[in-house]
Amino acid sequence: HYFMLNDYGADYFSQRKTYPFIKINCGLIPENLLESELFGYEGGAFSGASKSGKKGKVELAQTGTLFLDEIGEIPLSLQVKLLEFLQDSEITRVGGTKRIKINTRIITATNRDLQKMVDEGTFRIDLFYRLNVVPIKIPPLRERYEDIPILAEYFLKRFNNKYNMEKRLEPEIIEEMLKYDWPGNVRELEHVMERMIVVSDSDIISVKYFDEMVTDRDRDKGKVICTKIMPYKQAKRELEKQLVTKAYKMYRTTRKAAEALEIDPSTV
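Residues numbered from 1 in each chain as written. Predicted model: local features only at pLDDT ≥ 70, side-chain atom pairs only at ≥ 80, totals over all residues. Heavy atoms only, no water.

Take the overall build of the chain next. On a plain count of helices and strands, the chain comes out with 11 helices and nine strands. Dimensions of the chain along its principal axes, counting C-alpha atoms only, are 75 × 55 × 35 Å. Per-residue burial over the chain gives 36% buried out of 268 residues. By sequence separation, contacts in the chain at least 24 residues apart represent 70% of the contacts at least 6 residues apart. In the structure as shown, the chain presents an accessible area of about 16700 Å², 50% of it carried by carbon and sulfur atoms. With 43 positive and 42 negative side-chain charges, the chain shows a spacing of 4 Å between the two charge centroids. (Helix = DSSP H or I, 4+ residues; strand = E, 2+ residues; numbered from the N terminus. Buried < 20%, exposed > 50% of the residue type's maximum accessible area, 1.4 Å probe, protein only. Contact = heavy atoms within 4.5 Å. Areas by Shrake-Rupley, 256 points an atom, 1.4 Å probe, with all protein chains shown as cover. Lys, Arg positive; Asp, Glu negative; His and termini not counted. Charge placed at Lys NZ, Arg CZ, Asp CG, Glu CD.)

Set out below in structure tokens:
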């Protein structure tokens, strides 16, 4: 994911921290409704509209923060209006003529390659640069193994509270989690944790439940896939680099990494 901020400030230190935080997922709203969801509408603007009109998400975020999730899904036809709002800090409701001044911080997120979309003509280059002021790249879970135990503990507490349980994880489960590539990232980890807590018949969740959750996935331990042709020596160096880096991130010491790779610590 990429988070893109066009205004500075963190939640705990920003002057906006006590004001509304409004979120909208641009990929979940049908294209013909997204404009009115974002910018609101005046009474009688279209069939079925409220007679008194309605504020959009942008207006609701006045003085606070507007979070536009899946910004890559916003249609080209609406990108122009969004760009005008970002440039002028003003909006016009659907069916209206009055210009409404808006003061809000904008945060956007996407898992799509916006630069590629710009090159393909499906995302406006001016909007891309207007949004992309402070980009924050969130690496996939397989590249930050140190987060897995922390997230697993978080989801364990969360779902124990949700289902009024007091379940715990076998230590071996964390070890197995560190070996898994998590193609679905944090959402997959969340889903697996909830399923294990719900289906396990003991207060201590054994590693067999985790194995059952991921058996149907591509869990080919030790399988190496070559995606392109390159010189043999270069491929060998790349594989060694990935193996050692992954082992060290998982086990945190040279000795343990060497044991996992079945090589001498000096080689690591």
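Moving on from the coordinates now.
Let us look at helix 10 (residues 232-251). The end-to-end C-alpha separation of helix 10 is 28 Å, in line with the 28 Å expected for 20 residues at 1.5 Å each. Of the residues trailing helix 10, R252 is marked for its positive phi of about 70 degrees. (Expected span 1.5 Å × (residues − 1).)

For the coordinates displayed, the defined rule picks out seven aromatic pairs. Pairing F128 with Y129 gives two aromatic rings, centres 5.1 Å apart and planes at 65 degrees, and the pair type is edge-to-face. On the basis of relative accessibility, which here comes to 8%, the residue F128 falls in the buried class. Ring-pair connections join several aromatic residues into one group, and the members of that group are Y154, F155 and F159. (Phe/Tyr/Trp six-rings, centres within 6.5 Å; stacked < 30°, edge-to-face > 60°.)

Turning our attention to the environment of L261. Positionally, L261 belongs in helix 11 (residues 254-261). Residue class for L261 comes out partly exposed when judged on its relative accessible area of 23%. Placed 14 residues apart in sequence, L261 and A247 show a C-alpha to C-alpha distance of 7.4 Å. Ignoring sequence-local partners within four residues, the contact set of L261 consists of L243, V244, A247 and V268.

What follows deals with the pattern of salt bridges. Any two side chains of opposite charge can pair, given that their charged atoms come close. Evaluated as defined, the whole model comprises 14 salt bridges. Here R124 makes a salt bridge to D126, at a shortest N to O gap of 2.7 Å. Salt bridges linked by common partners bring E42, E59 and R93 together as one network. (Salt bridge = Lys/Arg side-chain N within 4 Å of Asp/Glu carboxyl O.)

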